[in-house]
Amino acid sequence: MRKIELKKTWFAAALLLISGAAVAQVDPARTIAVINGEEIKGAEYYRKMEFLGGVGKRDGDNFYEAPPGFLTLEQLITERLVLQLAKQKGAFPTDIEVAAELKARTEDNPKLLTEWTALGRTAEELNALIRYELAQFKISSFGITVTDQEVEKFYKDNPTMYTVPKQVKLRVIVVEKDADKTAVDTALGAGKPFPDVAKQLSVDISRANGGEYGTVPLAMLSTPARTAVDAVKIGQATSWVSSQTADGGNRFVKFQVLDILPEKKLELDAKLRRGIRRRLMLDRGTVKNDIRKEMNALRAKAKIDIKEPQFAEIYKKFIEQYLKQSG
C-alpha cells in the first residue's frame, strides 16, 4: 500500500501566518515546570503545545502533519459531523444506549470512571466520548442485523479465536558463563530459593523481582525453552537453555515453573456474544455502507465558519487535500 503524505510547504506557510495568534486562554503566569531554577510558564507551555511541529494525524494510508492546536480543532469538527450524520440517518445514540454502553464498559473495567476522572476529566466527557463512539458504530453498521444463531455459528466455526492457549507462569535466571551456571546449580541444589538465586546471580533485568517472568503462552517460548519447560513439573527448575544475544554472544537460561494453565475454551457468555455480534455487524457494514463517501460528501457541503483566520486557512487547504486524496 502506498503511503500518502501532505506536502509540508503549505503548513509551513500557515505557521508563519499564525505566529501572531493569541495565546490559549490560560493563566500565563502559571508555572508548569522548573529546570535548574528556570521556570516554564503556562503561556510558553500552551503556546508550544498548540503549535508543536513534527506531529500529525494518520488516516488509513494517509498521514497529515499539522500543529496540535489545528488537529484538535479538526477532531472537534469531525466529531460534530459524525454526530450530525448519525442524526440524518436516524442512528444518533440515545441516552439509554449511552447509559447501557457505559454500564457494559464498567462491568469490563470496574475502575473505568475512577481512572477517567483521575486525569481531570469529567463523567460528562466520558459520556460524550461513548456517544461519539456509538455513533461511529451505528453509522458503520447501519441496516445490519445479526441473529443469535449467527453469533453461535461464528463462535462454533472459529474455535481458535475463542480459545486461550496453554500458558505457563515462570521465573527465570540468566547467566553468561559456565562458572555462573555451576554457581546457580550449586545454590539451588543446596535448597536456596529460586528467587534469591535470581537476585544474586542472574544478569537479566528481572533479577530485581526475583526473576519474575510472568505468565505467557507456552507457544511463545523458543522450541528449546518449550521443551525444557514441558519436561518439569510445577515448582521445579528446568535444565539450562542456550540463548543467543543480538550481538552474537551466548547466554544461558533456566526457568522455574510456578504454574501451568491448560488450554481453555472461552464460554459463550453475554459479554462474548456482544463482542461477536458487534464484530459481525461491523464486518458486514463495511461492505454495505460506504461511510467514507458519506463523510466526504458531508465535509464537502458543510458550512464551517472557523473564527480564527489562521486556522481557517489551514482547514481550507487541509480539506481540499483530504478530499482529493480520499476521492
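Bear in mind the structure is a predicted one, so any value in this text is a computation, not a measurement.

S.K.: What is the right way to look at the nonpolar core in this model?
M.R.: A general feature of soluble globular proteins is that nonpolar side chains tend to end up buried together. Counting 23 residues, the largest nonpolar core has F70, V82, I139, M295, F311, Y315 and F318 as its most contacted members. At the level of secondary structure, the elements contributing two or more residues to this core comprise α3 (68-88), α6 (123-140), α12 (291-301) and α13 (309-326). Counting 13 residues, the second-largest nonpolar core is a separate cluster that includes V168, L170, V216 and L218.

S.K.: Help me out: how do you make sense of a nonpolar patch on the surface in this one?
M.R.: On the surface, I32, Y45 and M49 cluster together into a nonpolar patch covering about 230 Å² of accessible area. Here M49 shows up in helix α2 (residues 42-50).

S.K.: Honestly, the environment of D185 in this entry has me stumped. Any pointers?
M.R.: Secondary-structure assignment places D185 in helix α8 (residues 178-189). The exposure class assigned to D185 is partly exposed, which follows from its relative accessible area of 35%. Sequence spacing of D185 and K254 is 69 residues, and the spatial spacing of their C-alpha atoms is 9.8 Å. Setting aside residues no more than four positions away along its own chain, D185 makes contact with W240 and K254. Reaching out from D185, the side chain makes a polar contact with the side chain of W240 at a distance of 3.1 Å.

S.K.: Would you explain the side chain of R299 in this entry?
M.R.: Mapping R299 onto the fold places it in helix α12. In this structure R299 comes out as buried when scored by relative accessible area, which is 8%. Residues contacting R299, with those up to four places away along its chain left out, are E74, T78, L81, Y315, I319, Y322 and L323.

S.K.: Even after reading the chapter, I still don't get the pattern of salt bridges, so can you show me in this structure?
M.R.: Charged atoms that come close allow side chains of opposite charge to pair. The final tally for this structure, using the stated rule, is 22 salt bridges. Among the ionic pairs, E107 bridges to K103, the shortest N-O distance being 2.8 Å. Of the two residues, E107 and K103 both sit in helix α4 (residues 95-108), 4 residues apart, roughly one turn of that helix. The pair formed by E107 and K103 is uniform in burial state, with each residue classed as exposed. For R284, the salt bridge is made with E150, and the minimal N-O distance between the two is 3.2 Å. Here R284 is found in helix α11 (residues 270-288), whereas its partner E150 is found in helix α7 (residues 148-157), with 134 residues between them in sequence. Among the residues examined, R284 registers a relative accessible area of 32% and is labelled partly exposed.

S.K.: Even after reading the chapter, I still don't get the pairing of strand β3 (residues 38-41), so can you show me in this structure?
M.R.: Both faces of the sheet carry side chains from a regular strand, because those side chains alternate between them. By the bridge criterion, 4 bridges tie strand β2 (residues 31-35) to β3 in an arrangement that is antiparallel. Each bridged residue has a counterpart across the sheet, and for A33 the counterpart in β3 is I40. Taking the residues that link successive antiparallel strands as the turn, the β2-β3 hairpin has 2 residues, and the phi of N36 there is positive, at about 50°.

S.K.: Before we go on, may I ask you to explain α7 in this structure?
M.R.: Think of an α-helix as turning once every 3.6 residues; residues three or four places apart then point the same way. All buried positions along α7 are accounted for by V151, F154 and Y155. In a view along the axis of α7, the buried residues occupy a sector of 100°, so they form one face of it. For α7, the exposed residues lying more than 90 degrees away from the buried face are Q149, K153 and K156. Residues of α7 that are buried in the fold lie against β11 (264-265) and α11.

S.K.: Teacher, can you tell me more about unusual backbone geometry here?
M.R.: Note: most peptide bonds trans; most residues except glycine with negative phi. At N36, a position not held by glycine, the phi torsion is positive, near 50°. You can see N36 is positioned in the loop between β2 and β3.

S.K.: Just checking my understanding: could you explain the packing of α3 against α6 for this structure?
M.R.: Describing two packed helices takes the angle between their axes plus the distance from one axis to the other. Look at α3 against α6: their axes get within 9 Å of each other, and the N-to-C directions meet at 50°. Classed by the angle they form, the pair α3 and α6 counts as oblique. Here the hand of the crossing between α3 and α6 comes out left-handed. Contacts between α3 and α6 involve Q75, T78, E79, V82, L83, L85 and A86 on the former and, on the latter, R131, Y132, A135, Q136 and I139. In terms of residue class, the contact of α3 with α6 is made up of 7 nonpolar, 3 polar and 2 charged.

Criteria and thresholds
- Residues numbered from 1 in each chain as written.
- Predicted model: local features only at pLDDT ≥ 70, side-chain atom pairs only at ≥ 80, totals over all residues.
- Heavy atoms only, no water.
- Core = buried A, V, L, I, M, F, W, Y, C linked by side-chain atoms within 4.5 Å.
- Buried < 20%, exposed > 50% of the residue type's maximum accessible area, 1.4 Å probe, protein only.
- Helix = DSSP H or I, 4+ residues; strand = E, 2+ residues; numbered from the N terminus.
- Patch = residues over 30% accessible without salt bridge, like charges linked within 9 Å, V, L, I, M, F, W, Y side chains within 5 Å.
- Areas by Shrake-Rupley, 256 points an atom, 1.4 Å probe, with all protein chains shown as cover.
- Salt bridge = Lys/Arg side-chain N within 4 Å of Asp/Glu carboxyl O.
- Contact = heavy atoms within 4.5 Å.
- Polar contact = N/O pair within 3.5 Å; in protein donor to acceptor, adjacent residues only side chain to side chain.
- Pairing = 2+ DSSP bridges.
- Arc of directions from axis to C-beta.
- Axes fitted to C-alpha atoms, helices over the stretch in contact; angles between N-to-C directions.
- Parallel < 35°, antiparallel > 145°, perpendicular 65-115°, else oblique.
- Left-handed = near helix turned anticlockwise from the far one by under 90°.
- Nonpolar A, V, L, I, M, F, W, Y, C, P; charged D, E, K, R; others polar.

Without other data, these values stay purely geometric and don't point to any function.
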